[in-house]
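The primary structure of each chain is shown beneath.
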Amino acid sequence: MFESLMLLAGPTLVFRLLGALGIHWFATWRAAVVHGLAAMLVASGSAHFVPDGGSVMPSHDDLTAMVPPFVPLPHLVVYVTGVLELLGAAGLVRTATRPAAGICLAVLFVLMLPANVYAALEDIPLGGDPATPLWFRIPEQLVYIAVALLATTGRGVRGPVRRPRAEVS
């Protein structure tokens, strides 16, 4: 149930530690959590392409089962959302694309909310684990939306600090 939040929290803490050790890229908590979201999206987006292998990781079939019946072409939707998650992750790590990626990811997370509600209400397991209850899924999704929106502001989420070059006379 907490695995996806750990996929956000773990990398965030590692990135912030790197920032504390002097790597300017992760000098703020905001930068660390945005990059943590990118790491989580690489893991979750990749799962969209994993065939059902009985592993503890969610598979394409697990994710397809979460798609509500009113959504056409569930297998295609899972592939498309996987691509969008991977593109969003790439967009978050580039300073120039971070604001657009944050907005697009926030919209994607809102659009994926019905699948999370459906999976909770229909008791659909994920990766061999029991279904995550609705009381956890909705706040979890709100965390992802908030972090995606955090990426849309430039304050504290910069790339490496660039020092001006000395002028040669």
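Located above this text is the structure these notes cover.
Residues numbered from 1 in each chain as written. Predicted model: local features only at pLDDT ≥ 70, side-chain atom pairs only at ≥ 80, totals over all residues. Heavy atoms only, no water.

**Q** How should the overall build of the protein be read in this particular structure?
**A** When helices and strands are counted, the protein shows 6 helices and 0 strands. Mapped in sequence order, the helices and strands of the protein form the string α-α-α-α-α-α. Sequence-distant contacts, at least 24 apart, represent 66% of the contacts inside the protein between residues at least 6 apart. By element, 72% of the accessible surface of the protein is carried by carbon and sulfur atoms, the whole surface being about 9,500 Å². (Helix = DSSP H or I, 4+ residues; strand = E, 2+ residues; numbered from the N terminus. Contact = heavy atoms within 4.5 Å. Areas by Shrake-Rupley, 256 points an atom, 1.4 Å probe, with all protein chains shown as cover.)

**Q** Is there a simple way to think about the packing of helix 2 (residues 29-47) against helix 6 (residues 134-150) in this case?
**A** Helices that pack against each other are described as a pair by the angle of their axes relative to one another and the distance between those axes. For the pair helix 2 and helix 6, the least separation of the axes is 9 Å and the interaxial angle reads 120°. As judged from the angle between their axes, helix 2 and helix 6 are oblique. For helix 2 against helix 6, the interelement crossing comes out left-handed. Here helix 2 contributes Arg30, Val33, Val34, Leu37 and Met40 to the contact with helix 6, which in turn contributes Tyr144, Val147, Ala148 and Leu150. Of the residues belonging to the contact of helix 2 with helix 6, the class tally is 8 nonpolar, no polar and 1 charged. (Axes fitted to C-alpha atoms, helices over the stretch in contact; angles between N-to-C directions. Parallel < 35°, antiparallel > 145°, perpendicular 65-115°, else oblique. Left-handed = near helix turned anticlockwise from the far one by under 90°. Nonpolar A, V, L, I, M, F, W, Y, C, P; charged D, E, K, R; others polar.)

**Q** How should I be thinking about the packing of aromatic side chains in this particular structure?
**A** What characterises a pair of aromatic rings is the spacing of the ring centres plus the angle enclosed by the ring planes. In this structure the tally under the stated criterion is 4 aromatic pairs. Taking 4.6 Å as the distance between ring centres and 20° as the angle between the ring planes, the aromatic pair formed by Phe15 and Phe26 counts as stacked. In this pair, Phe15 sits in helix 1 (residues 3-20) while Phe26 sits in the loop between helix 1 and helix 2, placing the two residues 11 residues apart along the sequence. For the residue pair Phe15 and Phe26, the accessibility class agrees, reading buried in each case. Relative to Tyr144, the ring of Phe109 has its centre 5.9 Å away and its plane inclined at 45°; by these criteria the two rings are tilted. Highlighted residues: Phe109 in helix 5 (residues 98-121) and Tyr144 in helix 6, separated in sequence by 35 residues. The two residues Phe109 and Tyr144 agree in class, both being buried. (Phe/Tyr/Trp six-rings, centres within 6.5 Å; stacked < 30°, edge-to-face > 60°. Buried < 20%, exposed > 50% of the residue type's maximum accessible area, 1.4 Å probe, protein only.)

**Q** How should I be thinking about the nonpolar core in this particular structure?
**A** Note on soluble globular proteins: their nonpolar side chains tend to be buried together. By size, the foremost hydrophobic cluster in this structure holds 20 residues, and its most contacted members are Leu8, Leu37, Leu41, Leu92, Leu105 and Phe109. If you list the elements that add at least two residues to this core, you get helix 2, helix 4 (74-93), helix 5 and helix 6. Discounting chain neighbours no more than four positions away, the residues touching Phe109 are Leu37, Leu41, Gln141, Tyr144, Ile145 and Ala148. Membership of the second largest hydrophobic core comes to 7 residues, among which are Ala47, Met66, Val67 and Ile124. (Core = buried A, V, L, I, M, F, W, Y, C linked by side-chain atoms within 4.5 Å.)

**Q** Explain the packing of helix 4 against helix 5 to me, please; I cannot follow it from the model alone.
**A** Closest axis-to-axis distance for the helix 4/helix 5 pair is 8 Å, and the angle between their directions is 150°. Classified by the angle their axes make, helix 4 and helix 5 are roughly antiparallel. Both helix 4 and helix 5 take part in a crossing whose hand is left-handed. Between helix 4 and helix 5, the contacting residues are Thr81, Leu84, Glu85, Gly88, Gly91, Leu92 and Val93 on the first element and Arg98, Ala101, Gly102, Leu105, Leu108 and Met112 on the second. Residues that form the contact of helix 4 with helix 5 fall into these classes: 7 nonpolar, 4 polar and 2 charged.

**Q** Would you explain unusual backbone geometry in this entry?
**A** Among all residues except glycine, the phi angle is most often negative; among peptide bonds, the trans geometry is most common. For Leu73, which is not glycine, the phi dihedral falls at a positive 50°. Assignment of secondary structure puts Leu73 in the loop between helix 3 (60-66) and helix 4. Given a relative accessible area of 59%, Leu73 falls into the exposed group.

**Q** Just checking my understanding: could you explain the environment of Leu108 for this structure?
**A** Note on placement: Leu108 falls in helix 5. A C-alpha to C-alpha distance of 8.4 Å links Leu108 and Glu85, two positions 23 residues apart in sequence. When neighbours within four sequence positions are excluded, Leu108 is seen to be in contact with Thr81, Leu84 and Glu85.

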